[in-house]
Amino acid sequence: MIYVVEMTVEQWGVRVPARQGEVVRQALIREGALDASLRVLREGSDLILPVLTKREGAARYGFEVHPGREQLPRHELVGGIAIMQEDDPSGAEKILTSRPSLHTVVCAKGEVSGEYRTREFSVLCGEPTTRTEVTEHGHRFIVDLAGAYFSARLSTERQRILDQVGEGEFILDMFAGVGPFAIILADRAAFIVAVDLNPCAVALMQENITKNRIRNVLPVLADARRLADILPWKFDRIVMNLPLAGTEFLSEAFRLCRPGGTIHFYSLVSATGEHTARIQELGGIVLAEREVRSYSPGQWHAVYDIRVC
Ligand code: SAM
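The following refers to the structure shown. (Residues numbered from 1 in each chain as written. Predicted model: local features only at pLDDT ≥ 70, side-chain atom pairs only at ≥ 80, totals over all residues. Heavy atoms only, no water.)

**Thoughts on the overall build of the protein chain**
Then comes step 1: In terms of regular secondary structure, the protein chain is built from eight helices and 17 strands.
Then comes step 2: Expected size for 309 residues packed as a compact globule is a radius of gyration near 19 Å; at 20 Å, the protein chain falls within 12% of this value.
Then comes step 3: Projected onto the principal axes, the alpha-carbon positions of the protein chain cover approximately 75 × 45 × 35 Å.
Then comes step 4: Classification of the 309 residues of the protein chain by burial places 50% in the buried group.
Then comes step 5: Restricting to contacts in the protein chain with at least 6 residues of sequence separation, those with at least 24 account for 60%.
Then comes step 6: Surface accessibility of the protein chain: about 14900 Å² in total, with carbon and sulfur atoms responsible for 51%. (Helix = DSSP H or I, 4+ residues; strand = E, 2+ residues; numbered from the N terminus. Rg over C-alpha atoms; globule rule 2.2 N^0.38 Å. Buried < 20%, exposed > 50% of the residue type's maximum accessible area, 1.4 Å probe, protein only. Contact = heavy atoms within 4.5 Å. Areas by Shrake-Rupley, 256 points an atom, 1.4 Å probe, with all protein chains shown as cover.)

The following block contains the structure:
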């Protein structure tokens, strides 16, 4: 007789109505956020989708382990690349053969660092490259994990901002990276200026603009500290996605935003309301403050939606 022992483990889970389950599951897979080693849980008319890290609205649940998948070491997916935290070549081979869409498995060496917010990787198996293509809500992005910052985990946040953009808006992305915010918002905005200091990021952004046939994004290689001196425009909306150092650029953003315009300011915080006084001092009103994702115990990435008065 064979006894099947069902193993349950605790993990973060996101509750969604069952009819939206597949759409949200696909979005989590694209973000590399779904914990594919665990089975989706059903509670009444809701599904609980297991996710790899804490996120807004997530809570802890007990999930059954997917038979056959429990042997894969932990990894995160970005396009055709799996990123492991451990230098484990045999585990990397297992991951590479588990999914036909993968071409490379890499190991992250150290943390995201420096002005360009990049990280070093060593290739464990597959094609010797850190370049891959990511699909997000119908757009395709070429990314180079070692050359320029990209996070698939921000895809929900990009859709949240897109929902707020009105027809004909004039937008500035101050820290644009390879262009994901700018290219996604370009669907609705009139014109977007997308700035980055990293030449590799701007070169990839240019490729991504062409790939997605976008005609209203202007890529600019510049230091955001100097923008108010070199750009002759005031913007309806400004995206500031530089969570570790964004505060240094807040007054610059206020100079570049028209009265009544909106700033989406991302920052690493350890208390709710940490930047409210500074924002009010600059002449802004905090419309909303939300947690985007956890960073370390007691610290999280927050986004402040600000109205410029
Ligand atoms: N918004 C992009 C995304 O979501 O993928 C990239 C965000 S990444 C956290 C921050 C970006 O800001 C990096 O690409 C980095 O090169 C750029 N950066 C850092 N300092 C800058 C500066 N002073 N001026 C312009 N860009 C800067």
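**Describing the sheet that holds strand β8 (residues 118-126)**
Then comes step 1: One open sheet accounts for four strands, arranged β5-β6-β7-β8; its pairing is mixed. A strand with exactly one partner marks an edge of an open sheet, and here the two such strands are β5 (76-78) and β8. In this sheet, adjacent strand axes meet at a mean angle of 35° when their direction is disregarded.
Then comes step 2: The sheet contact formed by β5 and strand β6 (residues 81-84) spans three bridges and is antiparallel. Across the sheet, Leu77 pairs through a bridge with Ala82, a residue of β6.
Then comes step 3: Its contacts with the sheet put helix α2 (residues 89-98) on β6, β7 (104-113) and β8, and the angle it makes with β8 is roughly 80°. (Pairing = 2+ DSSP bridges. Axes fitted to C-alpha atoms, helices over the stretch in contact; angles between N-to-C directions.)

**Section: the packing of aromatic side chains**
Then comes step 1: Scanning all chains against the criterion turns up 10 aromatic pairs.
Then comes step 2: Ring geometry for Phe191 and Trp233: centres 6.3 Å apart, planes at 80°, overall edge-to-face. Remark: Trp233 occurs in the loop between α6 (227-230) and β14 (235-240) and Phe191 occurs in strand β12 (residues 191-196); sequence separation between them is 42 residues.
Then comes step 3: Taking the relative accessible area as the measure of exposure, Phe191 reaches 25% and is therefore partly exposed. (Phe/Tyr/Trp six-rings, centres within 6.5 Å; stacked < 30°, edge-to-face > 60°.)

**What about the pairing of strand β17 (residues 299-308)?**
Side chains on a regular strand alternate between the two faces of the sheet.
Then comes step 1: Most of β17 is tucked away: eight of the 10 residues are buried.
Then comes step 2: Pairing geometry for strand β15 (residues 257-269) and β17, over eight bridges, is antiparallel. Bridge pairing links Phe265 to Tyr304 in β17.
Then comes step 3: Of the pairings in the sheet, the one linking strand β16 (residues 284-296) to β17 comprises 10 bridges and is antiparallel in character. Following the sheet pairing, Glu291 is matched in β17 by Ala302.
Then comes step 4: Between β16 and β17, which pair antiparallel and follow one another directly, the connecting turn spans two residues, one of which, Gly298, has a positive phi of 85°.

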